[in-house]
Amino acid sequence: MKKKVLVLLVVAILAITPAMAARSTRGTSDDGAVGVGLNLGTNSGLALKFGMGKFDIFANVGFNILNGTGLGADVGLSYEVYDIDLGGAHHMPVTVGFMAPISFNWASSFSMHIAALAQAGLEYQIPDTGWLFYLRAGLGADFRIIGDSDKFVKFTGAGGIGAMYVF
């Protein structure tokens, strides 16, 4: 229930953001920038980000603690659609994109799932430092590859909040 409320809250915030946002060409990360940090969420562990201007590639690898005992990884693409100007050098890019989580669970029996999710996020990098904070959430379809479940496809969501240092 808590995950549903969090997802609805993020969707509501992102729905009203365009009214407050201003278009920018800054992008979420500079071309060639690399970020390393900690992701807490559907899978909790190492967070990586590769800056490509308005496009970014991100990946998370860690423990899949919210969906049972297991390991998880996701890779995705995000694209900046708006940049909320907070004044001065402060800005908060709003992103949308695609996320593909893979999970290996062994809580009661072994299972493997691959999902395809549409995702949205917010980012904030402290000016003149490399510290970046983000919130990312996605909804989509989960495909059971291996496991005992009677459902091959089901509705799912994933997300995370994290901090990283961008080089």
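Residues take numbers from 1 onward in each chain, read along the sequence in its written order. Note on the predicted model: pLDDT of at least 70 is required for a residue's local features to be given, and 80 or more for side-chain atom pairs to be given and counted; whole-chain, interface and lining totals, by contrast, use all residues. Side-chain measures were taken over the full set of non-hydrogen atoms in the model, leaving aside hydrogen atoms and water.

Engineer: Explain the environment of Val94 to me, please; I cannot follow it from the model alone.
Structural biologist: Along the polypeptide, Val94 turns up in strand 5 (residues 90–105). Exposed residues in this analysis have more than 50% of their type's maximum accessible area, buried residues have under 20%, and partly exposed residues fall in between, with area computed by a 1.4 Å probe over protein chains only. Residue Val94 is classed as buried on the basis of its relative accessible area, which comes to 5%. Along the primary structure Val94 and Gly121 are separated by 27 residues, whereas in three dimensions their C-alpha atoms are 5.8 Å apart. Strands are runs of DSSP state E lasting at least 2 residues, helices are runs of H or I lasting at least 4, and numbering of each runs from the N terminus.

Engineer: I'm lost on the pattern of salt bridges in this one. Help?
Structural biologist: Side chains that carry opposite charge are capable of pairing whenever their charged atoms lie near each other. Whenever a carboxyl oxygen of Asp or Glu lies within 4 Å of a side-chain nitrogen of Lys or Arg, that contact is scored as a salt bridge. What the rule picks out here adds up to three salt bridges. Among the salt bridges present, the one from Glu80 reaches Lys54, with a minimum N-O distance of 3.8 Å. In this pair, Glu80 sits in strand 4 (residues 70–87) while Lys54 sits in the loop between strand 2 (44–52) and strand 3 (55–63), placing the two residues 26 residues apart along the sequence. Residue classification places Glu80 among the buried residues on the basis of a relative accessible area of 1%. Among the ionic contacts, a cluster of salt bridges with common partners joins Lys49, Asp56 and Glu123.

Engineer: So what exactly am I meant to see when it comes to the packing of aromatic side chains here?
Structural biologist: Any pair of aromatic rings gets described here by the distance separating the centres and the angle formed by the planes. For Phe, Tyr and Trp, where Trp contributes only its six-membered ring, two rings pair if their centres lie within 6.5 Å, and the inter-plane angle classes them as stacked under 30 degrees, edge-to-face over 60, or tilted in between. All told, the structure shown has five aromatic pairs when counted by the stated rule. Measuring from centroid to centroid gives 6.5 Å for Phe104 and Phe110, while their planes differ by 25°, and the two rings are stacked. Classification of Phe104 as partly exposed rests on a relative accessible area of 32%. In this structure an aromatic cluster arises from ring pairing among Trp131, Tyr165 and Phe167. The side chain of Arg136 reaches across the aromatic face of Phe58, ending 3.8 Å from its centre. The ring of Tyr134 has Arg136 lying over it, and the distance from NZ or CZ to the ring centre is 4.3 Å. Two conditions define a charge sitting above a ring: the NZ of Lys or the CZ of Arg must be within 6 Å of the ring centre, and it must be within 35 degrees of the ring normal.

Engineer: Is there a simple way to think about the pairing of strand 7 (residues 131–146) in this case?
Structural biologist: Consecutive side chains of a regular strand alternate in pointing toward one face of the sheet and then the other. In the sheet, strand 6 (residues 111–125) pairs with strand 7 via 14 bridges, with the strands oriented antiparallel. Bridging across to strand 7, Gln119 finds its partner in Gly138. A strand pair is defined by DSSP finding two or more bridges across the two strands. Counting the residues in the hairpin turn of strand 6 and strand 7 gives five residues, including Asp128, whose phi is positive at 65°. Bridging between strand 7 and strand 8 (residues 153–166) involves 13 bridges; their strand directions are antiparallel. Across the sheet, Leu132 pairs through a bridge with Met164, a residue of strand 8.

Engineer: Would you explain the sheet that holds strand 4 in this entry?
Structural biologist: Taking strand neighbours around the barrel as the criterion, the eight strands line up as 1-2-3-4-5-6-7-8 in a closed arrangement whose pairing is antiparallel. On average, adjacent strands in this sheet sit at an angle of 25° to one another, irrespective of strand direction. Orientation is described by lines fitted to C-alpha atoms, with helices fitted over the stretch in contact, and by angles between N-to-C directions that extend from 0 to 180 degrees.

Engineer: I tried to follow the side chain of Asn105 on my own but got confused; where do I start?
Structural biologist: Within the secondary structure, Asn105 is located in strand 5. Here the side chain of Asn105 touches Asn64 through a polar contact of 3.3 Å, side chain to side chain. Pairing of N or O atoms within 3.5 Å defines a polar contact, subject to two protein rules: one partner must be a possible hydrogen donor and the other a possible acceptor, and residues neighboring in sequence count only if both atoms are side-chain atoms.

Engineer: What is the right way to look at the nonpolar core in this model?
Structural biologist: Inside soluble globular proteins, nonpolar side chains tend to come together where they are buried. Put simply, a nonpolar core is a bunch of buried Ala, Val, Leu, Ile, Met, Phe, Trp, Tyr and Cys residues held in one set by side-chain atoms that sit within 4.5 Å of each other. In this structure, Ala33, Ala47, Leu132, Tyr134, Met164 and Val166 together form the largest nonpolar core, which totals six residues. Secondary structure elements with two or more residues in this core: strand 7 and strand 8. Contact definition: two residues touch when any of their heavy atoms are within 4.5 Å. With near-sequence residues (within four places) excluded, Met164 lies in contact with Gly35, Val36, Gly37, Ala47, Leu48, Lys49, Gly130, Trp131, Leu132 and Tyr134.

Engineer: Is there a simple way to explain the environment of Ser103 in this structure?
Structural biologist: Relative to the helices and strands, Ser103 resides in strand 5. Residues Ser103 and Asn64, spaced 39 residues apart in sequence, show a C-alpha to C-alpha distance of 7.0 Å. With sequence-adjacent residues up to four places away left out, Ser103 is seen in contact with Asn64, Leu71, Gly72, Ser111, Met112 and His113.

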